[in-house]
2 protein chains.
Amino acid sequence: MSNPPAAATPPTSADVARLAGVSRATVSFVLNDTAGGRVGEQTRQRVRAAAAELGYVPHAAARSLRAGRTGVVLLGGSSAPIGPLFSEFYRELQGALRRRGYTSVLYGPSPGEGDEPARAWAELRPAAVLCLEPVLTPAGVDLLHRSGTRAVFTLGTAPVAGAHALIMDQREVGAAAGAHLLATGRRRLGVVIPADPGLDQFSAPRLAGLRAAAASALAGPVETLPLDFTEASGAAAAARCRDLGLDGVFGYNDEYAMLLLRSLQDLGLDVPARVALVGADDLLLGRLLRPRLSTVHMTLPGGESLATLIDEIIADPTTTPATRNLLTVRLIPRDSS
Amino acid sequence: MSNPPAAATPPTSADVARLAGVSRATVSFVLNDTAGGRVGEQTRQRVRAAAAELGYVPHAAARSLRAGRTGVVLLGGSSAPIGPLFSEFYRELQGALRRRGYTSVLYGPSPGEGDEPARAWAELRPAAVLCLEPVLTPAGVDLLHRSGTRAVFTLGTAPVAGAHALIMDQREVGAAAGAHLLATGRRRLGVVIPADPGLDQFSAPRLAGLRAAAASALAGPVETLPLDFTEASGAAAAARCRDLGLDGVFGYNDEYAMLLLRSLQDLGLDVPARVALVGADDLLLGRLLRPRLSTVHMTLPGGESLATLIDEIIADPTTTPATRNLLTVRLIPRDSS
């Protein structure tokens, strides 16, 4: 049973050097693995044994003071619920960064407004920042660069001046759903809009993409169906579908579509005979529903290619910021449309 | 449009001191907010203006070298899929820690085996570590303490020597489901075991809890139903239910239960007449199914109380490690059982 920590100061590299009978520089060479062939194997072993005995590990902060930055890649978190597609993408990315020697940390919900998030992140002196939400302003990007962050990426729906932009164009999701509903003869279209404000950044461009598809097909106006994730709200949205005489609905994603499907069925509106319904995300649950749910399948690139890009831009931070599209979409027709 | 970062060194506090015409100590006092009443408002403004002009922000690492630790609370991440209950708990905790002046970072999947995760985390000199998975060994706890981490918490199903244990006793989840199935007259019980190895830490104690409930009711042996999250696997599990003559199944959670429900129905086995089914998590989707899914509802405490505890133990790291139970469970009977 180990004890709670004593009030004593933690061991330093000087303590390790004393115990091993070597210089502090040698301790640093060995433990930070920067020695090349300069330190013999016996000395290495002595240093490692001394460090283990004292419980000393190198301090990332000390390295970062020397280098002006850490090996940290900071992932600026989101306050929005994140789906399985995205969780998997982040998990892969974190693994790929670790294999390249970086420590990736997720910062969690963004603190404050304006350039406050960038200021809070800069205090950790990350080598790179990848920010999920549209919380980075051009001033924030500038502040990160000036305080030593070498690579700043935004991940979202629109580029931010000064940063490398990784775009997931959510309009494509709405456009794919709309094109399918229109191609199968639906003309009175509706789009589910989640009440959760954290989802605006996704729902607004999905609506815009579907509206553009409807406009180019000369279909009527596209109605919105506000929906919070409760059964009562589902019943209200289903009644609105009926009252507006809608014949095709894009349900925002599979989970909201599932809620609307149940509510439409409880109201006696047949899906797809009366209303065609399309979700997004291609979750397994869509295949478990009756009728099976049509959906927009989305793919993001593997973590390896993005980790390579981050690594390259850390190595050469003068690379001109560019915009890259990450998202590809594909409609999967099933029995609900 | 801001430019990519120049190759020039980032500004230092010495640059800020020079521009503001004050000492470096004054810059540190003002920007780290440690001055108390010692620095006048005019000087403060001058320092802040100089910092803004140069793009300087304080370096958390420099503070941490002086203090021997950062204000970082490191949340050792999990490689297992995390449900909505847990995401919400972490989000609240991160907000509550920030309001207390801590920077919380999620470390992502645990690197390596043995004491490697602890070693990697220690390099960031966190003030506290809260580790989700059972990846911390007693040696790892010891290493964290000796390298200066003041508070080490594990969050899981069993305590680890030397650390404060936050227990989510998953046996209670299985016990609640089992007690309900037995009380409603079911005797041939089965438990879904997800194939995902990341879920073993939850599924094994849930199975044990249900087995204990069955043993104390003198029911027959409890069968296991391996299930990966595919329709083919669902069909196989449903066939196994039929062949074994099971009359009550705990579906691990609502999503796995939903998959099994569909598969049982496709096979013509009526739920609940032939097989009663109970999920866990109390997701909305359970209420959308027909029959509505019975479930085990779980609650975790709010983030505030845990953040207060972490703060107290950072302040007094000699506090004797204790075990605290976080999870409370409650069975919600609906139409599937």
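Going by the structure above, here's the rest.
Residues numbered from 1 in each chain as written. Chains lettered and ligands numbered in written order. Predicted model: local features only at pLDDT ≥ 70, side-chain atom pairs only at ≥ 80, totals over all residues. Heavy atoms only, no water.

Trainee: Can you help me understand the pairing of strand β9 (residues 276-280) of chain A in this one?
Mentor: Along a regular strand, successive side chains alternate from one face of the sheet to the other. Residue and element names in this part refer to chain A. Among the five residues of β9, five are classified as buried, and the element is accordingly described as predominantly covered. Of the two faces of β9, both are covered, the one formed by A276, V278 and A280 as well as the one formed by L277 and G279. Sheet topology note: the strand β8 (residues 248-250)/β9 ladder contains three bridges and is parallel. Within β9, the position partnered with V249 by the bridge is L277. As a crossover connection, the stretch from β8 through helix α11 (residues 254-266) into β9 is right-handed. Across three bridges, the pairing between β9 and strand β10 (residues 294-299) is parallel. By the bridge assignment for β10, A280 is matched with V296. (Buried < 20%, exposed > 50% of the residue type's maximum accessible area, 1.4 Å probe, protein only. Helix = DSSP H or I, 4+ residues; strand = E, 2+ residues; numbered from the N terminus. Pairing = 2+ DSSP bridges. Right-handed = clockwise from strand over helix to strand, strands pointing away.)

Trainee: Mind showing me how you'd approach the packing of helix α8 (residues 171-183) of chain B against helix α9 (residues 200-216) of chain B here?
Mentor: Each pair of packed helices can be summarised by the angle the axes make with each other and by the distance between the axes. Residue and element names in this part refer to chain B. The interhelical angle for the contact between α8 and α9, taken along N-to-C directions, is 40°, at an axis separation of 6 Å. Relative to α9, the crossing made by α8 is right-handed. When α8 is examined against α9, the residues R171, V173, G174, A175, A177, G178, A179 and L182 are found in contact with a partner set consisting of P205, R206, A208, G209, L210, A213 and A214. Broken down by class, the residue content of the contact of α8 with α9 amounts to ten nonpolar, three polar and two charged. (Axes fitted to C-alpha atoms, helices over the stretch in contact; angles between N-to-C directions. Left-handed = near helix turned anticlockwise from the far one by under 90°. Contact = heavy atoms within 4.5 Å. Nonpolar A, V, L, I, M, F, W, Y, C, P; charged D, E, K, R; others polar.)

Trainee: Explanation requested: the pairing of strand β7 (residues 223-227) of chain B in the structure shown.
Mentor: All names here are of chain B. Only one face of β7 is buried, namely the one carrying E223, L225 and L227, since none of T224 and P226 on the opposite face is buried. In this structure, strand β6 (residues 189-194) lies alongside β7, joined through five bridges in parallel fashion. In the sheet register, P194 faces β7, and the bridge partner there is L227. Tracing the backbone out of β6, into α9 and back to the parallel element β7 gives a crossover that is right-handed.

Trainee: For this particular structure, what's the right way to read the pattern of salt bridges?
Mentor: Between side chains of opposite charge, pairing is possible as soon as their charged atoms come close. Residue and element names in this part refer to chain A. Across all of its chains, the model carries 26 salt bridges over all chains by this definition. The partner of R171 in a salt bridge is D169, and the shortest N-O contact between them spans 2.9 Å. Residues R262 and D266 are paired through a salt bridge, measuring 3.4 Å at the closest nitrogen-oxygen approach. Taken together, the positions of R262 and D266, both in helix α11 and four residues apart, correspond to about one turn of that helix. Among the residues examined, R262 registers a relative accessible area of 17% and is labelled buried. If you follow the salt bridges from partner to partner, you end up with R99, R100 and E304 in one network. (Salt bridge = Lys/Arg side-chain N within 4 Å of Asp/Glu carboxyl O.)

Trainee: Before we go on, may I ask you to explain the sheet that holds β10(A) in this structure?
Mentor: Consider a sheet: its strands pair through backbone hydrogen bonds, and that pairing is either parallel or antiparallel. Residues and elements named next belong to chain A. Strand order in the open sheet formed by six strands is β7-β6-β8-β9-β10-β12, with mixed pairing between adjacent strands. At either margin of the open sheet sits one strand with a lone partner, and together these are β7 (223-227) and β12 (328-332). Looking at each pair of strands side by side, their axes are set apart by 20° on average, direction ignored. As paired elements, β10 and β12 share five bridges and run antiparallel to each other. Of the residues in β12, the one forming a bridge with H297 is R330. Contacts from helix α9 (residues 200-216) reach β6 (189-194), β7, β8, β9 and β10, with the element oriented near 170° to β6.

Trainee: I would appreciate a short explanation of the nonpolar core in the present structure.
Mentor: Across soluble globular proteins, you tend to see nonpolar side chains buried next to one another. The biggest cluster of nonpolar side chains holds 96 residues, and the ones touching the most others in it are A:L130, A:L155, A:I310, B:L130, B:L155 and B:I310. Those residues in contact with A:I310 that sit more than four places away from it in its chain are A:V73, A:L93, A:L97, A:A128, A:L130 and A:F153. Judged by nonpolar contacts, the second largest core, of 56 residues, contains A:L225, A:A237, A:L261 and B:A257. (Core = buried A, V, L, I, M, F, W, Y, C linked by side-chain atoms within 4.5 Å.)

Trainee: Just checking my understanding: could you explain the packing of helix α1 (residues 13-20) of chain A against helix α3 (residues 41-54) of chain A for this structure?
Mentor: Residues and elements named next belong to chain A. As a packed pair, α1 and α3 sit with axes 9 Å apart at the nearest point and diverge in direction by 125°. Considered as vectors, α1 and α3 are oriented oblique to each other. Like other packed secondary-structure pairs, α1 and α3 cross with a definite hand, here right-handed. On α3, the residues touching D15, V16, L19 and A20 of α1 are R46, V47, A50, A51, E53 and L54. Split into classes, the residues belonging to the contact of α1 with α3 amount to seven nonpolar, no polar and three charged. (Parallel < 35°, antiparallel > 145°, perpendicular 65-115°, else oblique.)

Trainee: I keep staring at the environment of A:R91 and nothing clicks. Help me out?
Mentor: Structurally, A:R91 is set in helix α5 (residues 84-99). Residue classification places A:R91 among the partly exposed residues on the basis of a relative accessible area of 33%.

Trainee: What is the right way to look at the environment of B:A14 in this model?
Mentor: Looking at where B:A14 falls in the secondary structure, it is placed in helix α1 (residues 13-20). On the basis of relative accessibility, which here comes to 22%, the residue B:A14 falls in the partly exposed class.

Trainee: Is there a simple way to think about the sheet that holds β7(B) in this case?
Mentor: Residues and elements named next belong to chain B. Spatial strand order, β7-β6-β8-β9-β10-β12: six strands in an open sheet with mixed pairing. Of all strands in the sheet, those bounded by a partner on one side alone are β7 and β12 (328-332). Sheet twist, expressed as the mean angle between neighbouring strand axes with direction ignored, is 20°.

Trainee: Honestly, helix α3 (residues 41-54) of chain B in this entry has me stumped. Any pointers?
Mentor: Two residues of an α-helix separated by three or four positions point the same way, owing to the 3.6 residues in each turn. Residue and element names in this part refer to chain B. For α3, built from 14 residues, the straight-helix expectation of 20 Å at 1.5 Å per residue is met to within 8% by its first-to-last C-alpha distance of 20 Å. Every buried residue of α3 is accounted for by R44, V47, A50 and A51. Along the axis of α3, the buried residues cluster in a sector spanning 130°; they form a single face. In α3, the exposed positions angled more than 90 degrees off the buried face are occupied by Q42, A52 and E53. (Expected span 1.5 Å × (residues − 1). Arc of directions from axis to C-beta.)

Trainee: Even after reading the chapter, I still don't get the environment of A:S216, so can you show me in this structure?
Mentor: Residues and elements named next belong to chain A. Inspection of the secondary structure assignment puts S216 in helix α9. Since its relative accessible area comes to 64%, S216 is described here as exposed. Along the backbone, S216 and A179 are 37 residues apart, and their C-alpha atoms lie at a distance of 9.8 Å.

So, to be careful, I would describe these as geometric facts and stop short of saying anything about function.
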